[in-house]
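# Working through the structure, step by step
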Protein chains: 4
Amino acid sequence: MTTLIRNGTVVTATEFMAADVLIDGEKVVGIAAPGSQPWEEGADKVIDAKDRYVMPGGIDVHTHMELPFGGTYASDTFESGTRAAAWGGTTTLVDFAVQVHGERVMDGYETWMEKAEGNCAIDYGFHMIVGEVTDQSLKDMDTLMGEGVTSFKLFTAYPGVLYSDDGRIFQAMQKAAENGGTIMMHAENGMVIDVLREQAIARGETDPIYHSITRPPITEAEATHRVIAYAELAGCPLYVVHMSVKEAVAEVALARDRGSNVFGETCPQYLFLGWNNLREPDFEGAKYVCSTPVRDWEQGHQEALWKYLATNDLQLVSTDHCPFCMGDHPTLGTQKRLGEGDFTAIPNGMPGVEDRMRMIYHGAVGEGRLSLNRFVEVTSTAPAKMFGMFPQKGTIAIGSDADITIWDPNASHTMSVEHNHMDVDYCAYEGKEVVGQIELVMARGNVLISDGEYHGKPGDGRYIKRGTSQYLI
Amino acid sequence: MTTLIRNGTVVTATEFMAADVLIDGEKVVGIAAPGSQPWEEGADKVIDAKDRYVMPGGIDVHTHMELPFGGTYASDTFESGTRAAAWGGTTTLVDFAVQVHGERVMDGYETWMEKAEGNCAIDYGFHMIVGEVTDQSLKDMDTLMGEGVTSFKLFTAYPGVLYSDDGRIFQAMQKAAENGGTIMMHAENGMVIDVLREQAIARGETDPIYHSITRPPITEAEATHRVIAYAELAGCPLYVVHMSVKEAVAEVALARDRGSNVFGETCPQYLFLGWNNLREPDFEGAKYVCSTPVRDWEQGHQEALWKYLATNDLQLVSTDHCPFCMGDHPTLGTQKRLGEGDFTAIPNGMPGVEDRMRMIYHGAVGEGRLSLNRFVEVTSTAPAKMFGMFPQKGTIAIGSDADITIWDPNASHTMSVEHNHMDVDYCAYEGKEVVGQIELVMARGNVLISDGEYHGKPGDGRYIKRGTSQYLI
Amino acid sequence: MTTLIRNGTVVTATEFMAADVLIDGEKVVGIAAPGSQPWEEGADKVIDAKDRYVMPGGIDVHTHMELPFGGTYASDTFESGTRAAAWGGTTTLVDFAVQVHGERVMDGYETWMEKAEGNCAIDYGFHMIVGEVTDQSLKDMDTLMGEGVTSFKLFTAYPGVLYSDDGRIFQAMQKAAENGGTIMMHAENGMVIDVLREQAIARGETDPIYHSITRPPITEAEATHRVIAYAELAGCPLYVVHMSVKEAVAEVALARDRGSNVFGETCPQYLFLGWNNLREPDFEGAKYVCSTPVRDWEQGHQEALWKYLATNDLQLVSTDHCPFCMGDHPTLGTQKRLGEGDFTAIPNGMPGVEDRMRMIYHGAVGEGRLSLNRFVEVTSTAPAKMFGMFPQKGTIAIGSDADITIWDPNASHTMSVEHNHMDVDYCAYEGKEVVGQIELVMARGNVLISDGEYHGKPGDGRYIKRGTSQYLI
Amino acid sequence: MTTLIRNGTVVTATEFMAADVLIDGEKVVGIAAPGSQPWEEGADKVIDAKDRYVMPGGIDVHTHMELPFGGTYASDTFESGTRAAAWGGTTTLVDFAVQVHGERVMDGYETWMEKAEGNCAIDYGFHMIVGEVTDQSLKDMDTLMGEGVTSFKLFTAYPGVLYSDDGRIFQAMQKAAENGGTIMMHAENGMVIDVLREQAIARGETDPIYHSITRPPITEAEATHRVIAYAELAGCPLYVVHMSVKEAVAEVALARDRGSNVFGETCPQYLFLGWNNLREPDFEGAKYVCSTPVRDWEQGHQEALWKYLATNDLQLVSTDHCPFCMGDHPTLGTQKRLGEGDFTAIPNGMPGVEDRMRMIYHGAVGEGRLSLNRFVEVTSTAPAKMFGMFPQKGTIAIGSDADITIWDPNASHTMSVEHNHMDVDYCAYEGKEVVGQIELVMARGNVLISDGEYHGKPGDGRYIKRGTSQYLI
């Protein structure tokens, strides 16, 4: 089966070119000057992309499908979440398998593999959350490298749940230095934050806004400084997740200036949302409760994060997709409202896997924050290279998977729960008009979305054995 | 006329792919999975690139052909210099037209256009050296923008010759902020350096090594700090040329961290040469006299510059090609030896246009300093984007000029004046073994070099009207 | 002749003690527990200081009496200015002798010595402004060291008048490194500022506020960075005068962090005045025109300067006293109003020699910015040590000159031209209520001010041959 | 009883003056020009200090007498240790009372008060080590403020012993922000260090040098950065103890540049000792095992620490006196040799209370590192002001305690266990010749040491109720 995408403008991290794209089976096999090759003749399928951008499918390297958290579960299953991702122009994701205290790492890995197996609409891989660093956990990290799980996440936050102390984190870093893996860090000083949370509750400060107020920027900046220090001492690559404050990214920038393998991601919520959202009345602010929190706009974090994305001090944008319903979920029951009257009981997380590509495209093109090449890079190419999936993923090139989105730059889209397909009852960007419209989404040559219809099915997506980071210095 | 390059591995700033490349006339028109298309049939020419890298031709954005300096001229003419460039895998260069004191900018521009016209083997553009900032010069900067000269170089060094005081530099920066041009700075504190030079000579310190000793690192770092400050105040893009010390690049890195449009280049001499070379006996050190000077290895500048290249705090590598003979030049007579007994009289400059691609490839691949993608970026893609020539130049993509080099990664090459074609009697890297061998060089579809022969002729190269920088934030 | 000051609280840079102070002739000879010694008996004079602070007389190391500037002269003569200083609690000052272009340094020195000789109410010394660095000037710097002139001021501002280029400045720094002198710098990039001034005038921006707008903070910060770089290269002590912006003092702080002999002063106008003053209508803003200029409050410069004073990143407070009348001066005629309609023609300078001690005491005690010890240090002890006058000057200690002020901390004072004695027709702090009142001023044992009367006469003050800085690391 | 010290040169943090000093009972009551007052007549005692320096007695604010550690006790009791302090020119010390896990803070305080009561040769105060932060501990911090214990020490090191997690540290900081106390931090990342220690032992790296190698500089610098961050968030004064690496002090310097109440001390061992000592053969390196450890000279830490002392980025020098014998102690048995074959079992600590004044005087005067005023400041005045004992302690001034040392600057001294009086069997500076000799030590007017004899007795020293820090901005 061959497909021709003709007359489009192909955009990659580097290129911007009028070209026809020929796909044979799952792979891109040809790119040529428009109409210069007789590819239309033999093609099984011809897609006209005149006045359209033809871009690599999005890669979201930070999602939490079906994550147990705070007494409930993230409301998207691998089935619903990956389908929604496809609707949003994302054709690959990397989720987090979880080891909790008292469990073995490999058990967590197998559990998550089973959850995903046969249910995904798009290709997927896993990072491993190492919830308890033990000798066995360190050995399992080696085992996982062979399974294509080459990145390991630890937490300086959530004491008693996912928190590891600095010694345990350092041991995992040493292991990564040895086996080539990447350490991913949730960098907030959870110990100090927990003191502030208890004090706030004791003072009767229970509204959602206090979720952010009790996580002051320095708690993120300090933890970031700390994990950079020990990653440099251990000699391992470090990737800091969901960065939200300029002072923290400044630490990443300094580490990069001195040539360290230190990387950072941010998410759409930190680029577009802030305290005004958390302060929405009637508990609506709970929609935006996630950790790290959305920040005070007036401190300039958003401007700084966009700038750091432009200068490559932040390398990419993921979502930290982890949705919880505001109302009752049909099967999971009460979610966000668990925290009415006590913000510390609000499940932490937001939907986003379907929103990301549209929001970042809007920021790039609609608001002029990034070039179109850089949009492709931060949403697709960099995720692929950062986590060892390039050139199979992350670009439109000969031999690469035909993971392709076609955008109409002259159309626009209204962000809304009405248009979304995630299993959650709100959209964090409800009503926002964004430039550009995703017309078609193809994954490994297979059209998942076109003409406003979903043509895929559970199991279309395959597990990706990832290699090590392709960005190391 | 069509050409097929088949079976090669195509490398761009982003991609690494096994692919056939089809060229029609001057342009790349097709890229396809090896053998998947029947392109061989109709091709006028077929080049087999099995086990070879197929990469974009090099772009050298800092050369000085026929430059009058210190009582003589740079020994390469546009004819000899551009031909040597082709031999070295470079298919585009940007030279500097010069306005000297008392002359009009446009006169300098026209003089240099005439020098180049009909003589170049490869495509070329011009930056403009503004030697005297006057009201007329500022107007001429606007005029030149329309001529495709979109970058203007000023000097904080060479008082009385090319030096502009800070006020004049600032005026040029304001003009660039207005018309979209880029200000290029030779950043050394020439005032302080001249004091040190006079004092050294007075003390009898006349050997070539004193050329570097009298230009201490802080004189480059301070001037870099200063021009960044005023570029930020004026709001113009700034590009610092031939950066040689880590402290100076640290200033660029900090400016980039805060989101400023500040860029820097380095050159092979700063990455490979140092005081050991300047100290070669019998005046041999004069070979390496250029400004900024090569530096003391022990201070770690080389390591730092490679690291800054890897992290994109330095964006690209050019040559500052400006050769002078050690012995008598047939027509120009005494050159380097003008400075025997007085290093201040040694013409400043080194050959390099033919050496750059090989040396940087060796640093990248042979010494593991840069990825192959990054090699392509710093030698071709970034120069093209920095100076407004992309996507015509700087990549292998549909619609781009077919400026292509074919490298044998399994062969090696001995750097030597014996193998070189520049009109100069020495090679700065004499005897150095480098990995990789350039087998074929094509410019706009025309094979200039193959089978160890040069097939081009003067006038093959065309003037490029450049646009503004494509890297602005 | 002996004098006893009894029952007071003696405050020095270190101490805070209830004590009697015995003075014999010009010197302090005894300090004792109140009433413990029978000093009252033999004393020629007894001053009761119950409930009073007994503190060292102020030292103002930056004044410009009778300075020719902008077509007129600073309105205070050595006679009127030093008398006003005494009224304001200052018992020593260091003025600037001036070499202008085309004149010899020693001639300037002698001219200023003659101006002061026999006219001063208080002791005085001189710094030397080196307006033109020549071989002869450098030799004269050595000569002046022997005359007790151990500090040499140069300018990066005022091109064509007092400006020296970086090479000349560096030569003077080398000389100071050799002879032990201190280089004082007026650090603003005058070249860039002059461009901005011309452009402002061309746009019709002629009001006093544009004096500050055309001297943006970066022009001071950059010049400060630059002169620090070259002082470190030369190896000489550096003292930056009249610092007004936080970014510039941050450069001093960094230099001090790395152990360099770099120092900075600020003045009351930068601690208390700002754009609101420059914007006073009807040309009243001209009162506050001085260089460096008073700054935009909203940028936080004042807060930062007070903080830097507290942390010793700024070492002391001087005045840059250089008054010009708003109305016609009896003998000098039009002064500030020379610049009506053209801010660039407003004579640069403000009165302050009489205001300094009161304003800084108020900032320290009234606003809680500094401890009382630190008040003494920044107004007296540090000036004495910085410029080689300690322990003769700058403290109350055995063997030191009896330069003493007695303050009533429970009284207050209204700053006003009505109460002042400087030969100028306005007070920059008109109407401001300050805590504390100076009741008595004694210089070398001689009561100059008491009971609201001046008891001194011209010639009371003697020339001080100063030594080198006592703060060098 | 009155004492006259005549003809000496009195040196304080500010002054340097030829003066007689009159003491009445415990206090200084008069200072006068030599011979100018008839004080000799009525004096009970006359001490001639011709050609001698008369300086304030030393104050050592970091000692651990009788400290239980690692299965033994510091070998000096309050009796032996305070007597040795007097021999070494120190007339006041502040020791650490200790709360251990499971005990109440007030119990620890009372235990230490009892240990000291009636046994001390010199005046003494206490800091409180808060080993477990509980609600009760926080209340006890308030109680202790009223007892004159105004400083509270916590540890980021020694997990399971004295370590507090960041949340507990932050709570103590909040309490200090509220009650005015100072938080003292032992800042090393003990969690990471413990991993490195275990790994070293597992590799058979058991010699004393590994004590330092397993505590790399970044573990101190990071912890310092961290506690500064949270002290700034809490708004409390912070004092970092026994700083040993330049990178850590750089963090203090930056905090001070931004105006925070952050302070640091260093100790003689970091200024004079290093890896060469730890590497002494036959387990002799164990003498120098203390935490933070002595460092690698070649990294420039010593030079940097001296420089930071000079620039006031470090405020003072204490000892961390905590001696353990190399051979068997008569009553305590095996001490340092507990760690033969396992450096982690070596009791951490060194003698120093008797050595400090001589070593720092030598560094200041003999090596030219500090002025004599600064010597007095870092060894006496700053300790007094930092910990709320000024002006009773820390200077020679009217009304201050007559704590005085008389030094012969023309004599010298050989550091040796032979000359020492501490209850320990080695001197860390054995054989070192230092300039200057302490001839006489007086505490509250009472001569403790003269003519090479000790004239004091246990109980001479009294408990000092301290106030809050007198250095806050």
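Calculation rules
Residues numbered from 1 in each chain as written. Chains lettered and ligands numbered in written order. Predicted model: local features only at pLDDT ≥ 70, side-chain atom pairs only at ≥ 80, totals over all residues. Heavy atoms only, no water. Contact = heavy atoms within 4.5 Å. Buried area = accessible area lost by both parts, 1.4 Å probe. Salt bridge = Lys/Arg side-chain N within 4 Å of Asp/Glu carboxyl O. Polar contact = N/O pair within 3.5 Å; in protein donor to acceptor, adjacent residues only side chain to side chain. Helix = DSSP H or I, 4+ residues; strand = E, 2+ residues; numbered from the N terminus. Domains from an automatic or database assignment. Nonpolar A, V, L, I, M, F, W, Y, C, P; charged D, E, K, R; others polar. Phe/Tyr/Trp six-rings, centres within 6.5 Å; stacked < 30°, edge-to-face > 60°. Buried < 20%, exposed > 50% of the residue type's maximum accessible area, 1.4 Å probe, protein only. Lys NZ or Arg CZ within 6 Å of the ring centre and 35° of its normal. Least-squares fit on C-alpha atoms with pLDDT ≥ 70 in both.

## Section: the interface of chain A and chain B
- Contact residues are listed per partner, giving 37 residues for chain A and 37 residues for chain B.
- Across the chain A to chain B interface the summed buried area is about 2500 Å²; carbon plus sulfur atoms make up 53%.
- If you sort the residues of chain A by the area they bury against chain B, Thr14, Asp257 and Ile398 of chain A come out on top, with a joint share of 24%.
- At the boundary of chain A and chain B, one finds 0 salt bridges.
- Our count for the chain A to chain B interface comes out at 13 residue pairs in polar contact (both at pLDDT 80 or more).
- Elements with a minimum of two residues in the side of chain A that touches chain B: β2 (16-24), β3 (27-32), α9 (246-257), α12 (301-310) and α14 (372-386) of chain A.
- Looking at which element gives the most residues to the side of chain A that touches chain B, the answer is β2 of chain A, with 5 residues.

## Section: the domain arrangement of chain A
Residue and element names in this part refer to chain A.
- Domain boundaries assigned for chain A yield domain 1 (2-55 + 396-454) and domain 2 (57-373).
- Inter-centroid distance (C-alpha atoms) of domain 1 to domain 2 is 28 Å.
- Every contact between the two is made by 43 residues of domain 1 and, on the other side, 46 residues of domain 2.
- Linking domain 1 with domain 2 are 1 salt bridge.
- In this structure, the salt-bridge partner of aspartate 123 is arginine 444, at a minimum N-O distance of 2.5 Å.
- The dominant element in the side of domain 1 that touches domain 2, judged by the number of residues it contributes, is strand β17 (residues 433-443), at 9 residues.
- Each residue belonging to the side of domain 1 that touches domain 2 can be placed in one class, and the counts come to 24 nonpolar, 10 polar and 9 charged.

## Digging into the arrangement of the chains
- A gap remains between chain A and chain C, with no contact made and the closest C-alpha atoms lying 15 Å from each other.
- There is a clear gap between chain B and chain D: no contact, and 15 Å between their nearest C-alpha atoms.

## As for the environment of proline 68 of chain A
All names here are of chain A.
- Mapped onto the elements, proline 68 comes out in strand β7 (residues 68-69).
- Linking proline 68 and glycine 399, residues 331 residues apart in sequence, is a C-alpha distance of 38 Å.
- Filtering out sequence-adjacent residues up to four positions away, proline 68 remains in contact with Tyr73, Trp112 and Lys115.

## Concerning unusual backbone geometry
- Residue serine 291 of chain A is joined to threonine 292 of chain A through a cis peptide bond whose omega torsion reads -5°.
- Residues phenylalanine 390 of chain C and proline 391 of chain C are joined by a peptide bond in cis, for which omega reads 0°.
- Position of proline 391 of chain C among the secondary structure elements: in the loop between α14 (372-386) and β16 (404-414).
- For histidine 242 of chain B, which is not glycine, the phi dihedral falls at a positive 30°.

## Observations regarding the packing of aromatic side chains
- Per the counting criterion, the structure on display carries 63 aromatic pairs over all chains.
- Judged by centre distance (6.0 Å) and plane angle (55°), the rings of tyrosine 124 of chain A and tyrosine 463 of chain A are tilted. With a gap of 339 residues between them, tyrosine 124 of chain A in strand β10 (residues 123-129) and tyrosine 463 of chain A in the segment after β19 (453-454) connect regions that are remote in the sequence.
- On the accessibility criterion, tyrosine 463 of chain A (22% relative accessible area) is partly exposed.
- Pairing tyrosine 239 of chain D with phenylalanine 387 of chain D gives two aromatic rings, centres 4.9 Å apart and planes at 70°, and the pair type is edge-to-face. Taken together, the residues tyrosine 239 of chain D in strand β13 (residues 238-240) and phenylalanine 387 of chain D in the loop between α14 (372-386) and β16 (404-414) connect sequence positions 148 residues apart. Side by side, tyrosine 239 of chain D and phenylalanine 387 of chain D carry an identical accessibility label, which is buried.
- Here the basic side chain of lysine 153 of chain A rests over the ring of phenylalanine 96 of chain A, its NZ or CZ set 4.4 Å away from the ring centre.
- One Lys or Arg, lysine 307 of chain B, reaches over the ring of tyrosine 308 of chain B and ends 3.8 Å from the middle of that ring.

## With respect to the relation of the copies chain A and chain B
- Expressed as a screw transformation, the operator carrying chain A onto chain B has a rotation angle of 180° and an axial translation of 0.0 Å, and the superposed copies differ by an RMSD of 0.0 Å. The transformation just described matches what one would write down for a two-fold rotation axis. Ranked by how close their C-alpha atoms come to the rotation axis, the residues of chain A are headed by isoleucine 31 of chain A, at 2.6 Å.
- Most of the interface of chain A is mirrored in chain B, where 100% of its interface residues again form contacts.

## Description of the relation of the copies chain A and chain D
- Laying chain A over chain D is done by rotating through 180° and shifting 0.0 Å along the axis; what remains is an RMSD of 0.0 Å.
- A symmetric contact is evident, with 100% of the interface residues of chain A recurring at the interface of chain D.

## Re the pattern of salt bridges
- Enumeration over the complete set of coordinates arrives at 123 salt bridges over all chains.
- Through salt bridges with shared partners, a single network forms among Glu26, Lys27, Asp123, Lys393, Asp401, Asp403, Arg444 and Arg462 of chain A.

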